[in-house]
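Observations on the model geometry
Single-letter residue listing:
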4 protein chains.
Amino acid sequence: MEEKCGVVGISLEEGDAALPTYYAMYALQHRGQEGAGIVTHDGFQQHSEKGLGLVAEVFDDDDVEHLPGRASIGHLRYPTAGEIDERSCHPYTVTSKRGSLALAHNGTLVNTDEVRAEFEERGHTFSTNSDTEVMVHELASNLVEDGLLDAIKRTMKRIRGAYSLTLMHDDRVVGVRDPLGVRPLCIGKLDDGYILASESVAIDVLDGELVRDVRPGEVVVLDEDGGGFESHRLFDEVPAHCFFEYVYFSRPDSTIDDRLVYDARREMGRLLYENHGVETDIVSPVPDSGRAFASGYAEAGDLEYSEALMKNRYVGRTFIMPTQDARETAVRLKLNTMDSNIEGKSVTLIDDSIVRGTTSRQLVKLLRESGASEVHFRVGSPPIVAPCYLGIDMASRDELMASDKDVDEIRDEIGADSLEYLNVDDISEALDMPRGEMCTGCVTGSYPVDVEGETCERTKDGSRAGAD
Amino acid sequence: MEEKCGVVGISLEEGDAALPTYYAMYALQHRGQEGAGIVTHDGFQQHSEKGLGLVAEVFDDDDVEHLPGRASIGHLRYPTAGEIDERSCHPYTVTSKRGSLALAHNGTLVNTDEVRAEFEERGHTFSTNSDTEVMVHELASNLVEDGLLDAIKRTMKRIRGAYSLTLMHDDRVVGVRDPLGVRPLCIGKLDDGYILASESVAIDVLDGELVRDVRPGEVVVLDEDGGGFESHRLFDEVPAHCFFEYVYFSRPDSTIDDRLVYDARREMGRLLYENHGVETDIVSPVPDSGRAFASGYAEAGDLEYSEALMKNRYVGRTFIMPTQDARETAVRLKLNTMDSNIEGKSVTLIDDSIVRGTTSRQLVKLLRESGASEVHFRVGSPPIVAPCYLGIDMASRDELMASDKDVDEIRDEIGADSLEYLNVDDISEALDMPRGEMCTGCVTGSYPVDVEGETCERTKDGSRAGAD
Amino acid sequence: MEEKCGVVGISLEEGDAALPTYYAMYALQHRGQEGAGIVTHDGFQQHSEKGLGLVAEVFDDDDVEHLPGRASIGHLRYPTAGEIDERSCHPYTVTSKRGSLALAHNGTLVNTDEVRAEFEERGHTFSTNSDTEVMVHELASNLVEDGLLDAIKRTMKRIRGAYSLTLMHDDRVVGVRDPLGVRPLCIGKLDDGYILASESVAIDVLDGELVRDVRPGEVVVLDEDGGGFESHRLFDEVPAHCFFEYVYFSRPDSTIDDRLVYDARREMGRLLYENHGVETDIVSPVPDSGRAFASGYAEAGDLEYSEALMKNRYVGRTFIMPTQDARETAVRLKLNTMDSNIEGKSVTLIDDSIVRGTTSRQLVKLLRESGASEVHFRVGSPPIVAPCYLGIDMASRDELMASDKDVDEIRDEIGADSLEYLNVDDISEALDMPRGEMCTGCVTGSYPVDVEGETCERTKDGSRAGAD
Amino acid sequence: MEEKCGVVGISLEEGDAALPTYYAMYALQHRGQEGAGIVTHDGFQQHSEKGLGLVAEVFDDDDVEHLPGRASIGHLRYPTAGEIDERSCHPYTVTSKRGSLALAHNGTLVNTDEVRAEFEERGHTFSTNSDTEVMVHELASNLVEDGLLDAIKRTMKRIRGAYSLTLMHDDRVVGVRDPLGVRPLCIGKLDDGYILASESVAIDVLDGELVRDVRPGEVVVLDEDGGGFESHRLFDEVPAHCFFEYVYFSRPDSTIDDRLVYDARREMGRLLYENHGVETDIVSPVPDSGRAFASGYAEAGDLEYSEALMKNRYVGRTFIMPTQDARETAVRLKLNTMDSNIEGKSVTLIDDSIVRGTTSRQLVKLLRESGASEVHFRVGSPPIVAPCYLGIDMASRDELMASDKDVDEIRDEIGADSLEYLNVDDISEALDMPRGEMCTGCVTGSYPVDVEGETCERTKDGSRAGAD
């Protein structure tokens, strides 16, 4: 289960913005490992460099030095279906009647098929299948008649879905967050300029200061002299924040809406103990994702926290896959058991979520083989019953273990002695966020936008049915 | 002085067209070494593979196997000014209301700035600076209303310049040659299909049979069953064939308009002797380009043909450049003298053309240092006095040695005892082609199309002023 | 501070040993990231593949398939001074009068200069500066007259220093551990054969069973039918185990001499609290190395364990280095602070060791900038006062912060409110290992072997002065 | 049919020798395309860089800059049987009691198996199968007792076969040519030093002056101040020069023993006409190897020289191989016919030699398909009836078309109307070299050294049986 894409935008008073953009992307690497791109503007023209791989693989000193300009945007790409080549790497750049445009997008749009068809009707062509290209056509078309802000507003009315954008119009850097605020986007102050980024860790790495999150439906235009920014709240709807950003996607050291993600996870761990605590010899996380949850759980129950599973820190994107008859090896390449810590003990294993359930089953099996007397499984989020259509490539519905099994069946399937999840209200409590302001599509099957074949919890006028 | 781009299009009765396209491109490698791309269509969708480098570097068996479909076009790219990345590699592919389009282009267009501006006015955006992208927008726009043939005709009316195209509309392969027929394009019959290619050597390599050249202003649509082709002569103007295709660009073993290029060059060599023959001990070519000319010259004069200069056949695109104080080395890395063949002898050196003149001067110097008693220089084409705007990246005007020097001055500059060129009428005679049917822009400064700041030899109605 | 090299040897009943060797090396990747090599023997000849980089970068399926044979050894290389090329990658392979030899070495030899000189006197030449090559010459020379076991014994008498070896004589796989047992080496049973490896995690990854550690001075010859092994304890001296294997080098999930490394570290953390506990709001590890220590410390003191520093898990071997005036960035690229967890709190930071002290100082500074009211530093090992000559490339003496500073000075240097270390007796207690059976060279400056310019704690006859 | 290896050695008065060595190797690229290596010595230590591929692929500016020292040797490697990795790339470097040695070898040794066995008996080990490594062991062993010159002399007595060597003992550069002088080696004077090289073209590229060939059995020691060289003629036997260096291996612009290779080939062409001339419409070479022969032949007979076959000048080392049913394509990828030059004409095709005969047969077939009325084949050397054991990897005996067929049978096999070869006496005449001073092993089956299973034409005392 992985999040799709991270974005950055920087406007400095002077100097080149490419290197800080690179560092900011380095800090956001977890949001996309497939490709990376930076586009700068030096006042006269765009300069861009993109490639497949990690940020540190795509760029070297030379590349960054050849990207002059005090304005810059960056994009990290997570793999999605379809052809993967350098052309698909963002930021997406074009020239138009009104100058150059560059656009970096985190999220997924839901009505681009119909918009695309209308453009094709008018003779437009498309180079990729990317929904971002459709958004660029819309924006550029609107720019023929309108100024930038109006063109963005028309685009936001026309295009629906999740989008946190950084865009550059000539050398003006702009941040846009969709009216639902599904994906995060925040503003930071640097020594000599401002930054827009998917998460606050990108600001920290530059020793900057988090100003605040961009608000749902807000357009933030960074000043060209690096001295500040203008805010335009173009839409003010009930938001639908993705709670999975807190559970899994965002870095634990990121702060979203004044909430440190690590703390949110520890709080979820505490609630998990309070609602579903069980006697146990040791509490152990699934590394690394379950660690904060396990720490909160153990603390709440005054239980011994001890790692039963150890991750090989050199596990990378590639290794020779074991053949069928050695499937065990595949798990062991990544995770090893610490047998003398497990033997004869009851173990409570904590993870942030269960998606397909395959790994969970293998881990329970490993622990039993290592001599655990009992294995209890606790999960820091609700069962995932439906796909995400708003920016996460989790899995298809039939791959989701909880799509057709209840908790008892899942417990049996993964072979645990007991299994408990947090529910949506627990999440709401832990995040101190009204249930109606979260997107809970993947755990309820009811989405904040129209998705073909799925339930929409919003009324026709755009407000949400169950909104508080 | 290098030609820009080669194109191929193949339609087979059955089987996959990618591998023969690859071989055809291999035979046309001299037309573009910077990048290569193949796009196929399998009846359902396009498949494409592009990259920087030689054909054999860009493609391996795997790549070609992953390009299914009985229809295919290919493109070889020669470097031009501006950013060079994989995105600039052709064929250019898009999807449109009327399905997918792929386009491979050899030539240069002259009025794309104004066409592009009109498109931008209508909200279109452009991803590259390439004039080919403008042509694609025009074609796709026309396709919204018209059928393929009408759309192509409207495009040919709107876009001016030199273009030999292979294009694919879904899985239909089409060849288009501009009304002036500047760049070559020919049709070949294969065992189980038809091929369109820049030169006949691409047909030879597949053991096919040259049918004929595509005519200026003609559109050739290959049958989908590989059984034949339809011809549509949409324009019938006085042509303006590039004579440099015969002099330098095309392979000597190519046949253009029933004329073997090697023979044309030998004939030019003969005329060179007849008009400007000189007593000499040996006649020697500048390898490899002057070889056919020298052979014709020696034969006409019954003179001894003997190579005075030897080329290092491993000279590639890269080697460590000598520093300034060892400039001599740079020439010697490529060409060596055969001193015992030169010492005390008068040598007549034959080349196809002189562009910047730098190499010519160095070669004369090398021969003198090797003991040549006299060095005469003979050139198989007229002095190049102006740039090419129709598909060749020769040099800018001020780099051209003949742009501001007469023959005597050039002779002194390169240090030869005598220097003579063929004139335009000689070329016309050697090629048996009326002077008015050739483009002679680079040797007269007068062009068959409007080029800003240059003379056009055509009248307003499109016919040529000086046409026979 | 990094350990040098990991070794593997596998002998199967049937099938190919290369793939399990690859997996075992994958599990030992932390012992050497510079290069990797595998040599197999198929009964007729050796096959080898080596390269620079991580195991997963050096080998792919093809490589491993081209390494047939039921016998195999592997080597992971950590960078040391001197030229680094593929030739320096182990295993080292030669042919000799008695067949082929391959040798993988973990450790450092101390008397190879004199042995090498003697060989040169007899006309031998050397291809590398590696001490391993000298050992190979010695072994091959001894093999001319002696059988394998006697030849190894003579080699062990002649060569002094630290060496855990896996070697292959034709297709016979042998493990050798030096008489002091400085570096670890263990034996594991697989489904259909036996394995020798630097650490037990290599056995776990193959779902094998740890049999026991190879004893100091022991030679273990794996049976050719994979059915067992012969043990030859050729030397029985007082050992000198490197305690840093427990503190830092080995993986926490490895078991050395029946002791799980993770537990040893937690125990050291507990002792650290018992001897040097301090009141604090939170106990926080330096990730990842300090985690087990911090967990033991917090538990012993019933203190709140909470991570104050978060590591960027994508930090790799390369990234663009910030320039001087942005030095802060370099640390922040790797570690970020979780401010809301730190602000106004007293923090006790736990690490396994302090080598140069640079990072420690930066971390204390980061915590203070994040608002920590107090920063206490606790270290799970004694101050490092001298270099290692037996297999670790820590740092030169003048780079070691503790080589010329006492604890108070170091505390001031790194800016902590208090600083405490474990002492050697604590280590001895935590490991339940007599002080006299450990090598404590780096923390006492007194070594178990003669090193030019350093104190040797052994008497002339080879027994150790201070041995219990 | 390809020659194995080129060597270079340079000693300058001052400055760095690596760059001129690189250029010299660039000029000798035809002698080995598989790998390249340069070793320099800066007065203190060796520096080396080796790799697989062409010189220009292996080295870039950086590499050469990191090779300091006024002394340098270089080696070009041609592929031979067995494992090919960077380790097999020369120059071979070792350290010994008497300092460092580096050795670059062109040729093949015939008695290394027995020498190697003796070394192994004394405990030596070998890292490769290369016969050069054996020579290095011999040389280093001799150096323990003797000075350099005596050590070389003892090595030359002990090791038999073909060897033109450049070697470096510390920073002293030495050239050695075997007593038979099988492979070429020459001396050149540079502006500020001296060079040893396989062929004189390496001197030309540096604008140096060919001094003379190194004599058979001569050792040439370049002065350390670049001011001259010492000559030591250690052996003075009847030579056995490889005549194929003139026929095929050497570059046409090289001068061997005062004879320009191009001229030698033209002379062979002339003799070919005089002895075996035939009426014909055109004389055409197999490009590029037959060109000088064809030019001499045409001139001698006053026949029309015209190229019937054209080579694709981009044919490189790799391309996608056509499958079986398209075998024709493989030839056409490399060579195309110029049909209008061939149709209805009798063609005499000239090549330097016929080895396997496969290509010859295909070319005759191509010409007939292009309409040639007659195809006569003339070959500038005798039929190759036996393998070369002295430095050329031609083919095994049963692959040689002439090993079991007479000229008439070969003519029928390749489908020519007539076929004629030069004989050994013609070669002797053309080269003005006594038959007894040539190695004619491959065309007579009788060799100048003992080769197991072959005839030796030398008497026991080392003089040659049939020597003039």
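Labelled according to an unreviewed UniProt entry, chain A appears under the name Amidophosphoribosyltransferase, originating from Halorutilus salinus. What UniProt records for chain A under Catalytic activity (unreviewed entry) is the sentence "5-phospho-beta-D-ribosylamine + L-glutamate + diphosphate = 5-phospho-alpha-D-ribose 1-diphosphate + L-glutamine + H2O".

Focus: the UniProt feature "binding site: Mg(2+)" (unreviewed entry) in chain A
Residues and elements named next belong to chain A. When the UniProt feature table is mapped onto this chain, "binding site: Mg(2+)" (unreviewed entry) is found at S289, D351 and D352. A maximum C-alpha distance of 6.6 Å is found for the annotated residues, which run over 64 residues; spatially they form one tight group. With respect to the element layout, D351 can be found in strand β21 (residues 346–351). Exposure remark for D351: the relative accessible area of 9% places this residue in the buried category. Once residues lying within four places of it in the same chain are set aside, the contact partners of D351 are V286, S289, G290, F377, R378, V379 and G380. Side chain to side chain, D351 and S289 meet in a polar contact 3.0 Å long. Following the sequence through the fold, D352 ends up in the loop between β21 and α13 (358–369).

What about the interface of chain C and chain A?
On the side of chain A, 53 residues touch chain C, which itself brings 53 residues to the contact. In this assembly, chain C packs against chain A so that about 4,600 Å² is buried in total across both faces, 54% of it on carbon and sulfur atoms. When the buried surface of chain C facing chain A is broken down by residue, Y26, Y314 and I320 of chain C rank first, second and third, together holding 17% of it. Applying the counting criterion to the chain C and chain A interface returns four salt bridges. In this structure, R332 of chain A engages D207 of chain C in a salt bridge whose closest nitrogen and oxygen atoms are separated by 3.4 Å. Viewed at the interface, chain A and chain C are joined by 18 residue pairs in polar contact (both at pLDDT 80 or more). Mapped onto the side of chain C that touches chain A, the elements with two or more residues apiece are α1 (18–27), α3 (61–65), α7 (201–204), α9 (261–276), α10 (291–301), α11 (327–334), β20 (335–337) and α12 (339–342) of chain C. By residue number, the principal contributor to the side of chain C that touches chain A is α1 of chain C, which donates five residues. The class makeup of the residues in the side of chain C that touches chain A is 24 nonpolar, 13 polar and 16 charged.

What to know about the sheet that holds strand β11 (residues 193–197) of chain A
All names here are of chain A. Reading across from one edge, β4-β3-β5-β2-β11-β10-β12 is the order of the seven strands in this open sheet, with antiparallel pairing throughout. Each edge of the open sheet is held by one strand with a lone partner, namely β4 (46–52) and β12 (209–213). Strand after strand, the sheet turns through a mean of 15 degrees between neighbouring axes, direction not considered. Here strand β10 (residues 186–190) runs beside β11; their pairing, made up of five bridges, is antiparallel. Bridge pairing links G188 to I195 in β11.

Looking at unusual backbone geometry
Residue D288 of chain A is reached from P287 of chain A by a cis peptide bond, and omega for that bond is -10 degrees. In this fold, D288 of chain A is placed in the loop between β18 (282–285) and α10 (291–301). Despite not being glycine, D207 of chain C shows a phi value in the positive range, around 60 degrees. You can see D207 of chain C is positioned in the loop between α7 and β12 (209–213). Overall, the relative accessible area of 41% leaves D207 of chain C in the partly exposed class. For D302 of chain C, which is not a glycine, the phi torsion comes out positive at approximately 50 degrees. Relative to the helices and strands, D302 of chain C resides in the loop between α10 and β19 (309–311).

Observations regarding the relation of the copies chain C and chain A
Between chain C and chain A, which share one sequence, the superposing operator has a rotation angle of 180 degrees and an axial displacement of 0.0 Å; the RMSD is 0.1 Å. Overall, the copies show the geometry of a two-fold rotation axis. Of all interface residues in chain C, 100% are interface residues in chain A too; the two copies therefore contact each other through one and the same surface.

A look at the pattern of salt bridges
Following the criterion strictly, the structure yields 128 salt bridges over all chains and no others. Connected through shared salt-bridge partners, R266, E267, R270 and E299 of chain A together with E304 of chain C make up one network.

A look at helix α1 (residues 18–27) of chain D
In an α-helix, one full turn covers 3.6 residues, which means residues spaced three or four apart are oriented alike. Judged by how many residues are buried, α1 of chain D sits mostly within the fold: nine of 10 residues are covered. Within α1 of chain D, the full set of buried residues consists of A18, P20, T21, Y22, Y23, A24, M25, Y26 and A27 of chain D.

Quick look at the pairing of strand β9 (residues 172–177) of chain B
All names here are of chain B. Extensive coverage of β9 is indicated by the burial of five of its six residues. Where strand β8 (residues 164–169) lies against β9, six bridges are found, and the strand directions are antiparallel. Bridge pairing links S164 to R177 in β9. Where β8 hands over to β9, the hairpin turn is made up of two residues, of which D170 adopts a positive phi near 50 degrees. As paired elements, β9 and strand β13 (residues 218–222) share three bridges and run antiparallel to each other. Residue pairing across strands places V176 opposite V219, the latter belonging to β13.

Examining the interface of chain B and chain D
It is common to give the size of an interface as the accessible area lost on bringing the parts into contact. The partner chain D presents 53 residues to the 53 residues of chain B that form the contact. For the pairing of chain B and chain D, the buried interface totals around 4,600 Å² over both sides, and the portion due to carbon and sulfur atoms is 54%. For the chain B face of the interface with chain D, the top three residues by lost area are Y26, Y314 and I320 of chain B, together amounting to 17%. In this assembly, chain B and chain D are joined by four salt bridges. Those elements that provide at least two residues to the side of chain B that touches chain D are α1 (18–27), α3 (61–65), α7 (201–204), α9 (261–276), α10 (291–301), α11 (327–334), β20 (335–337) and α12 (339–342) of chain B. The element best represented in the side of chain B that touches chain D is α1 of chain B, accounting for five residues. Of the residues assigned to the side of chain B that touches chain D, the class counts are 24 nonpolar, 13 polar and 16 charged.

So, the relation of the copies chain B and chain D
Of the two same-sequence chains, chain B is brought onto chain D (RMSD 0.1 Å, axial shift 0.1 Å) by a rotation of 180 degrees. Most of the interface of chain B is mirrored in chain D, where 100% of its interface residues again form contacts.

Describing the UniProt feature "binding site: [4Fe-4S] cluster" (unreviewed entry) in chain A
All names here are of chain A. Under the feature "binding site: [4Fe-4S] cluster" (unreviewed entry), the UniProt entry names C242, C388, C439 and C442. A maximum C-alpha distance of 9.9 Å among these annotated residues, which run over 201 residues, shows that they cluster at one spot. Within the element layout of this structure, C242 appears in strand β15 (residues 241–242). Non-local contacts of C242, meaning those with residues more than four positions away in its chain, are made with V182, R183, F249 and C439. Residue placement: C439 occurs in strand β25 (residues 438–439).

Conventions we followed
Residues numbered from 1 in each chain as written. Chains lettered and ligands numbered in written order. Predicted model: local features only at pLDDT ≥ 70, side-chain atom pairs only at ≥ 80, totals over all residues. Heavy atoms only, no water. UniProt positions renumbered as here; feature names shortened; annotations may be inferred. Helix = DSSP H or I, 4+ residues; strand = E, 2+ residues; numbered from the N terminus. Buried < 20%, exposed > 50% of the residue type's maximum accessible area, 1.4 Å probe, protein only. Contact = heavy atoms within 4.5 Å. Polar contact = N/O pair within 3.5 Å; in protein donor to acceptor, adjacent residues only side chain to side chain. Buried area = accessible area lost by both parts, 1.4 Å probe. Salt bridge = Lys/Arg side-chain N within 4 Å of Asp/Glu carboxyl O. Nonpolar A, V, L, I, M, F, W, Y, C, P; charged D, E, K, R; others polar. Pairing = 2+ DSSP bridges. Axes fitted to C-alpha atoms, helices over the stretch in contact; angles between N-to-C directions. Least-squares fit on C-alpha atoms with pLDDT ≥ 70 in both.

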